[in-house]
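So the chains spell out like this:
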Amino acid sequence: MSKKICILPGDGIGPEITAEAVRVLQALELGFEMESALLGGAAVDATGDPYPEATRKLAQEADAVLLGAVGGPKWDNFPREQRPERGLLGIRKHLNLFANLRPAVLYPELANASTLKPEVVSGLDILIVRELTGDIYFGQPRGIEVRNGERFGFNTMHYTESEIRRIGRVAFGAARKRSKKVCSVDKMNVLETTQLWRDVMNELAPEYPEVELSHMLVDNAAMQLVRAPRQFDVVVTGNMFGDILSDEASMLTGSIGMLPSASLDAHNKGLYEPSHGSAPDIAGQGVANPLATILSAAMLLRYTFSLEEAARRIEDAVRKVLAQGYRTGDIYHAGDKKVGTREMGDAVLAAL
Ligand code: NAD
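Conventions we followed
Residues numbered from 1 in each chain as written. Predicted model: local features only at pLDDT ≥ 70, side-chain atom pairs only at ≥ 80, totals over all residues. Heavy atoms only, no water. Core = buried A, V, L, I, M, F, W, Y, C linked by side-chain atoms within 4.5 Å. Buried < 20%, exposed > 50% of the residue type's maximum accessible area, 1.4 Å probe, protein only. Helix = DSSP H or I, 4+ residues; strand = E, 2+ residues; numbered from the N terminus. Domains from an automatic or database assignment. Contact = heavy atoms within 4.5 Å. Pairing = 2+ DSSP bridges. Buried area = accessible area lost by both parts, 1.4 Å probe. Salt bridge = Lys/Arg side-chain N within 4 Å of Asp/Glu carboxyl O. Polar contact = N/O pair within 3.5 Å; in protein donor to acceptor, adjacent residues only side chain to side chain. Nonpolar A, V, L, I, M, F, W, Y, C, P; charged D, E, K, R; others polar.

Before going further, it helps to examine the nonpolar core. Residues Leu-101, Val-129, Met-258, Tyr-272 and Leu-301 are the most contacted members of the largest nonpolar core, which totals 63 residues. Element by element, the count of residues in this core is highest for helix 10 (residues 291–303), at nine residues. The two domains that each donate at least three residues to this core are domain 1 (1–98 + 265–352) and domain 2 (99–259). The residues touching Val-129, leaving out its near neighbours within four places in the chain, are Asn-100, Leu-101, Ile-167, Val-170, Ala-171, Val-234, Val-235, Val-236 and Thr-237. By size, the runner-up hydrophobic cluster in this structure holds 19 residues, among which are Ala-104, Cys-183, Val-185 and Met-216.

The following block contains the structure:
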């Protein structure tokens, strides 16, 4: 079986960090074919299009896509259709990526990077599963118009039961590979759409008898995430609540250079990328933290290729280099071994 990965380095620190993740994937000798293409500002410079046809074709053919990051001040004043983010939205839409998975893991060695007390966050390991293509962000009708002599703004929240079911299945499936708990977050006391969300999650639960399902209102979930975050394993929620809660959860760890993400379609094809941006302020200096991208490669092995053991090998190697004291500038404290992007990649390879 040929297994093809499309590599999209993107802009800013993107090429530096994806190079390290590619080295890690190559070191595992799993027989992947990897091919690179342009996305974002780099693609605009070369072709005038942030998601050019050649990239579209490669992304379509590949089983998975590994992305660095896109964007930078150089393209900020370009026309809207030539902005790098257009490339990102374009590929997400083209590949029908409806499930966004964002783990928030706090490695014990980095416990003091969080703004919360170490005893509250140490050992944290949450996976936020966010629906990505529905909800009030895409619902019609929407707009701002004048009604009764004043401006009137409106949006529409809706979900079909099939949309809820497919994201529910992703969450239950992920929980099976973890601590077997799903907390579904809604606002069923006020919003009918989310009453349906809760009903459908309850209907799905019997198919996954080994997974324990609970429900929480979104306002309480926002509180619980900072009060006692370790109570959560997998959290599943809609697009808008997920947008907010996933950012809140990621900040529990305090280190943006450590956070991977995955966006999946209905057949486990996925786009894997670090949660951070292209960091133009440090681009080209060889100092960026490649660990979020390396951990994104681990997610790629787990979710697209079901290579759980290989995924764990990468995650264990990352744990090991942190335990050995290796730190890029973003997570460095006095007394640590300060390293650059390439040296961090070398350390992970050695730990593998
Ligand atoms: P950013 O995440 O790029 O940077 C925020 C801060 O974190 C910066 O100080 C940066 O140096 C630091 N940082 C980020 N990643 C790091 C890493 N791996 N190692 C060390 N330090 C790291 O966010 P921003 O500054 O708001 O955005 C910069 C550009 O990235 C913008 O053009 C924005 O549109 C784009 N962006 C892209 C994505 C994406 O491609 N998915 C996401 C967010 C922002």
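Moving on, there is more to tell.
This paragraph deals with the pairing of strand 10 (residues 234–237). Judged by which residues are buried, strand 10 turns out to be covered on both faces: Val-234 and Val-236 on one side and Val-235 and Thr-237 on the other are all buried. In terms of strand pairing, strand 5 (residues 125–131) meets strand 10 through four bridges, oriented parallel. In the strand pairing of strand 10, Ile-128 is matched with Val-235. Pairing of strand 8 (residues 181–186) with strand 10 involves three bridges; the strand directions are parallel. Paired with Cys-183 across the bridge in strand 10 is Val-235.

Further remarks concern the domain arrangement of the protein chain. Per the domain assignment, the segments making up the protein chain are domain 1 (1–98 + 265–352) and domain 2 (99–259). Measuring from the centre of the C-alpha atoms in domain 1 to the corresponding centre in domain 2 gives 24 Å. On the side of domain 2, 24 residues touch domain 1, which itself brings 22 residues to the contact. Carbon and sulfur atoms make up 64% of the surface buried where domain 1 meets domain 2, a total of about 2000 Å² over both sides. Taken as a group, Phe-98, Ser-275 and Tyr-303 account for 35% of the area that domain 1 buries against domain 2, more than any other trio of residues on that side. Here domain 1 is connected to domain 2 by zero salt bridges. Joining domain 1 to domain 2, the criterion identifies four residue pairs in polar contact (both at pLDDT 80 or more). Mapped onto the side of domain 1 that touches domain 2, the elements with two or more residues apiece are helix 10 and helix 11 (308–323). Tallied by class, residues from the side of domain 1 that touches domain 2 come to 12 nonpolar, four polar and six charged.

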